[in-house]
2 protein chains.
Amino acid sequence: MPVVRVALGERSYPIHIGAGLLDEAALYAPLVGGRAVGIVSDANVAPLYGARLARALAAAGARTATVLVEAGEQAKCWQNVDRVVDALLGARIGRDGALVALGGGVVGDLAGFAAAVYQRGIPYVQVPTTLLAQVDSSVGGKTAINHARGKNMIGAFHQPLAVIADVAALETLPERELRAGLAEVIKHALILDADFTVWLEANVERLLARERDALAHAVARCCELKAGVVAADERESGLRAILNFGHTFGHAIETGTGYGAWLHGEAVAAGMAIAAELSHRMGTLSADELARIRRLIERAGLPVAGPVLPADRYLELMQVDKKAVGGRLRFVLLEGIGRARPREDVPESLVLALLRELAPRAGT
Amino acid sequence: MPVVRVALGERSYPIHIGAGLLDEAALYAPLVGGRAVGIVSDANVAPLYGARLARALAAAGARTATVLVEAGEQAKCWQNVDRVVDALLGARIGRDGALVALGGGVVGDLAGFAAAVYQRGIPYVQVPTTLLAQVDSSVGGKTAINHARGKNMIGAFHQPLAVIADVAALETLPERELRAGLAEVIKHALILDADFTVWLEANVERLLARERDALAHAVARCCELKAGVVAADERESGLRAILNFGHTFGHAIETGTGYGAWLHGEAVAAGMAIAAELSHRMGTLSADELARIRRLIERAGLPVAGPVLPADRYLELMQVDKKAVGGRLRFVLLEGIGRARPREDVPESLVLALLRELAPRAGT
């Protein structure tokens, strides 16, 4: 069973990856034994895995209380943070308590943020049940909720005590969510690992078929890659920004279409295709590489173009995005496959021209 | 002009104390020069000092936008965090921006928490304008908002870039607030400094008369004492708990009477008198010392008894307080004047008996 370590000094933690880990009490005992624990999950995941997790936590010596939220991006709201706080106080879970996040990226972001601010911070454990959460959002300590003006505008850096990624849980994942998760797998490969990109080109069908070995390999490799970046730049002051490859466009797509219409991974997939095109036009990515990237995204069943929005609206949405530094647009561009760099020198005219071509019907 | 340094490694910061500092542009320039800055203040303080601060920040090279909240404890709510976030986004203040908190403890706690969670954390500067904020709440990085079930239940540890304590601003402070601030001055003396307690016994009238020299001395000494505690225990895992002397009862009083009926300092004053009485009954404080403490609190014009609430209600409120560890009650007791220790071994029966004597009319 692979264990990936995120090296962050006293905030270091392990990521356990394997099939059937979700209810291994022995994994939880050292983390939450003797504690009172709030489980945060959603209406889709809790019926599938909630009881198994609660039994494992009880066997590990934890007293538990569960808070359920609705499924979907709109659950990342203040009202749900308040509900978690209310439930913890109601169950007399204090500063010595902990949270366990059981679900996808939304539940992880919400529960992680609630853990960050409840009584000024309590520990939490991530038990991601979607591919997106296993390969990306559960690792690295970024937690957040959304604001009417933009995604993830309110949040905290709060590292988990551990991540327990059960690849068997991916068997119940809807097809569309599996594909959305592959977007982040592809992202890690494109920005950091040319060899892993080649592996993905050879194995994308095995991942879509949910072969456990292939899934475990992909999850472990993504976690290794991300752990390396996070260890070098915990609070996103530099290097970590490359993890946002495809996200400047991606967030604009999500916000512009209303949260939930596009899955995060779908928006990131389209965003990566656009960012790759931009990299090509800036002269840092060859036409062959661009074509390989588009083909890989398409083979994963993901979009390579965003929805039709006026180009000016795209620009406006991107400028509100928190990756904009002092109002300037920041893009992560590829410098070949397996290497990425944040750039602040992309001419707005070039971006605008590209967006107009991509959304010809918008007429702006 | 005294400068007290809070030693927290890379999170270290200075506290500037003196008359007329509030609009010294030279103090702000190294902190926020070239940044976009949100000023958070309240309806009482902004008319007095808002324009002066904004001019100083402009002279220091900052672009500013102001967010006003209502005065009073009820401003420490999620809706106001959301308003701050909304204003920052509306003014296109990004992750490279900053906040300045101009006001008392409420504004400092609210703005500090908003800074902690806005885009996962931006820097902030505390400009405290009440005695309570200057001697206590602006120092140490504890930020929070309230929850219906209890005070400060949602918050973060987020250290400011600097604290700028202008004692001239205390001249416009309502008498009742000045006295409430003295409660925290007395607290610092009682738990940490027998000599400072003697100084207070000799100078409490000068403080009430708002003599600048006396105020500057008291503010500086409190900041030194608190900075020492915070440096030793930033996240309140041990020593820092002694700063909660009087607060277990105090918070129960505030919650039990509804936020705002009692000022925080008034509740802490009564809480300190009760905690001193408890210390005496536990055998760690002499009758003479108890009498000196009660006299000092009374000379500052502060209450030495809480409101009439059923003893059981007090107990219930104290158990919800986040200083309760795993449901057990924790009190900070004095071991003579100038020394304090958190205790978890105070018999509930003793607490109950004391509360019944203090609230004889409650009849429980």
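Residues numbered from 1 in each chain as written. Chains lettered and ligands numbered in written order. Predicted model: local features only at pLDDT ≥ 70, side-chain atom pairs only at ≥ 80, totals over all residues. Heavy atoms only, no water.

S.K.: Help me understand the nonpolar core, please; the structure alone is not making it clear to me.
M.R.: Side chains that are nonpolar tend, in soluble globular proteins, to be buried together. Within the largest apolar cluster, 82 residues are counted, with the highest numbers of intra-cluster contacts made by A:Ile17, A:Leu131 and A:Met318. Among the elements that line this core, the one with the most residues is helix H8 (residues 212-232) of chain A, at twelve residues. For this core, the domains that each give at least three residues are domain 1 (3-171) and domain 2 (175-362) of chain A. Grouped together as the second largest cluster of nonpolar side chains are 81 residues, B:Val167, B:Leu225, B:Ala270 and B:Leu290 included. (Core = buried A, V, L, I, M, F, W, Y, C linked by side-chain atoms within 4.5 Å. Buried < 20%, exposed > 50% of the residue type's maximum accessible area, 1.4 Å probe, protein only. Helix = DSSP H or I, 4+ residues; strand = E, 2+ residues; numbered from the N terminus. Domains from an automatic or database assignment.)

S.K.: Can you walk me through the relation of the copies chain B and chain A in this structure?
M.R.: Both copies of the chain are related by one operation, a rotation about an axis with a shift along it. For the match of chain B to chain A, the screw axis carries a shift of 0.0 Å, the RMSD comes to 0.0 Å, and the turn is 180 degrees. The superposition of one copy onto the other is thereby described by a two-fold rotation axis. Among all residues of chain B, the minimum C-alpha distance to the rotation axis is found for B:Trp78, at 4.0 Å. Interface residue correspondence from chain B to chain A reaches 100%, placing this contact among same-surface, isologous pairings. (Least-squares fit on C-alpha atoms with pLDDT ≥ 70 in both. Contact = heavy atoms within 4.5 Å.)

S.K.: Sorry, what's going on with the interface of chain B and chain A here?
M.R.: Much of the literature gives interface size as the accessible area that the parts lose upon coming together. The interface of chain B with chain A comprises 34 residues on the first partner and 35 residues on the second. Summed over both partners, the interface of chain B with chain A comes to about 3300 Å²; 53% of that surface belongs to carbon and sulfur atoms. Across the pair A:Asp86 and B:Arg149 runs a salt bridge whose closest N-O atoms are separated by 2.9 Å. Put simply, chain B and chain A have twelve residue pairs in polar contact (both at pLDDT 80 or more) between them. Only helix H3 (78-90), helix H4 (105-117), strand S7 (142-147), strand S8 (150-157) and helix H12 (311-320) of chain B provide two or more residues apiece to the side of chain B that touches chain A. Among the residues forming the side of chain B that touches chain A, the class breakdown is 15 nonpolar, eight polar and eleven charged. (Buried area = accessible area lost by both parts, 1.4 Å probe. Salt bridge = Lys/Arg side-chain N within 4 Å of Asp/Glu carboxyl O. Polar contact = N/O pair within 3.5 Å; in protein donor to acceptor, adjacent residues only side chain to side chain. Nonpolar A, V, L, I, M, F, W, Y, C, P; charged D, E, K, R; others polar.)

S.K.: What's the story with the packing of aromatic side chains in this structure? I'm lost.
M.R.: In this description, an aromatic ring pair is defined by two values, namely the gap between the centres and the angle between the planes. All names here are of chain A. Considering all chains together, one arrives at five aromatic pairs over all chains under this definition. Ring centres of Phe196 and Trp199 lie 5.8 Å apart, and the angle between their planes is 25 degrees; this geometry places the pair in the stacked category. Of this pair, Phe196 and Trp199 both sit in helix H7 (residues 194-208), separated by three residues, roughly a single helical turn. (Phe/Tyr/Trp six-rings, centres within 6.5 Å; stacked < 30°, edge-to-face > 60°.)

S.K.: Even after reading the chapter, I still don't get unusual backbone geometry, so can you show me in this structure?
M.R.: Glycine aside, residues mostly have negative phi angles, and peptide bonds mostly take the trans form. The phi dihedral of A:Gln119 is positive, around 50 degrees, even though this residue is not glycine. Relative to the elements of secondary structure, A:Gln119 occurs in the loop between helix H4 (105-117) and strand S6 (124-128). At B:Arg92, a position not held by glycine, the phi torsion is positive, near 50 degrees. Along the chain, B:Arg92 falls in the loop between H3 and strand S5 (98-103). The partly exposed category is assigned to B:Arg92, whose relative accessible area is 44%.

S.K.: Would you explain the sheet that holds strand S2 (residues 13-18) of chain A in this entry?
M.R.: Sheet strands pair by backbone hydrogen bonding; their relative direction is either parallel or antiparallel. Residue and element names in this part refer to chain A. Strand order in this open sheet of seven strands is S1-S2-S9-S6-S5-S3-S4, and the pairing throughout is mixed. The sheet is open, and its two edges are formed by strand S1 (3-6) and strand S4 (63-69), each paired on a single side. Neighbouring strand axes in the sheet, compared pairwise and without regard to direction, differ in orientation by 15 degrees on average. Of the pairings in the sheet, the one linking strand S3 (residues 36-42) to S4 comprises seven bridges and is parallel in character. Bridge pairing in S4 places Ser41 opposite Leu68. (Pairing = 2+ DSSP bridges. Axes fitted to C-alpha atoms, helices over the stretch in contact; angles between N-to-C directions.)

S.K.: Mind showing me how you'd approach the state of the cysteines here?
M.R.: Every disulfide links exactly two cysteines, by a covalent bond between their sulfur atoms. Enumeration according to the criterion identifies zero disulfides over all chains in this entry. Unpaired in this structure, A:Cys222 has its nearest cysteine sulfur neighbour in A:Cys223, at a distance of 6.9 Å. (Disulfide = S-S within 2.5 Å.)

S.K.: When you look at the domain arrangement of chain A in this model, what are you seeing that I'm missing?
M.R.: Residue and element names in this part refer to chain A. According to the domain assignment, chain A consists of domain 1 (3-171) and domain 2 (175-362). For domain 1 versus domain 2, the separation of C-alpha centres amounts to 26 Å. Listed per partner, the contact involves 35 residues of domain 1 and 36 residues of domain 2. For the pair domain 1 and domain 2, the summed buried area comes to about 3000 Å², and 65% of that belongs to carbon and sulfur atoms. Viewed at the interface, domain 2 and domain 1 are joined by six salt bridges. A salt bridge links Asp136 to Lys187, with the nearest nitrogen and oxygen atoms 3.7 Å apart. Secondary structure elements with two or more residues in the side of domain 1 that touches domain 2: S1, S2, helix H5 (131-137), strand S7 (142-147) and strand S8 (150-157). Looking at the side of domain 1 that touches domain 2 element by element, the count peaks at six residues for H5.

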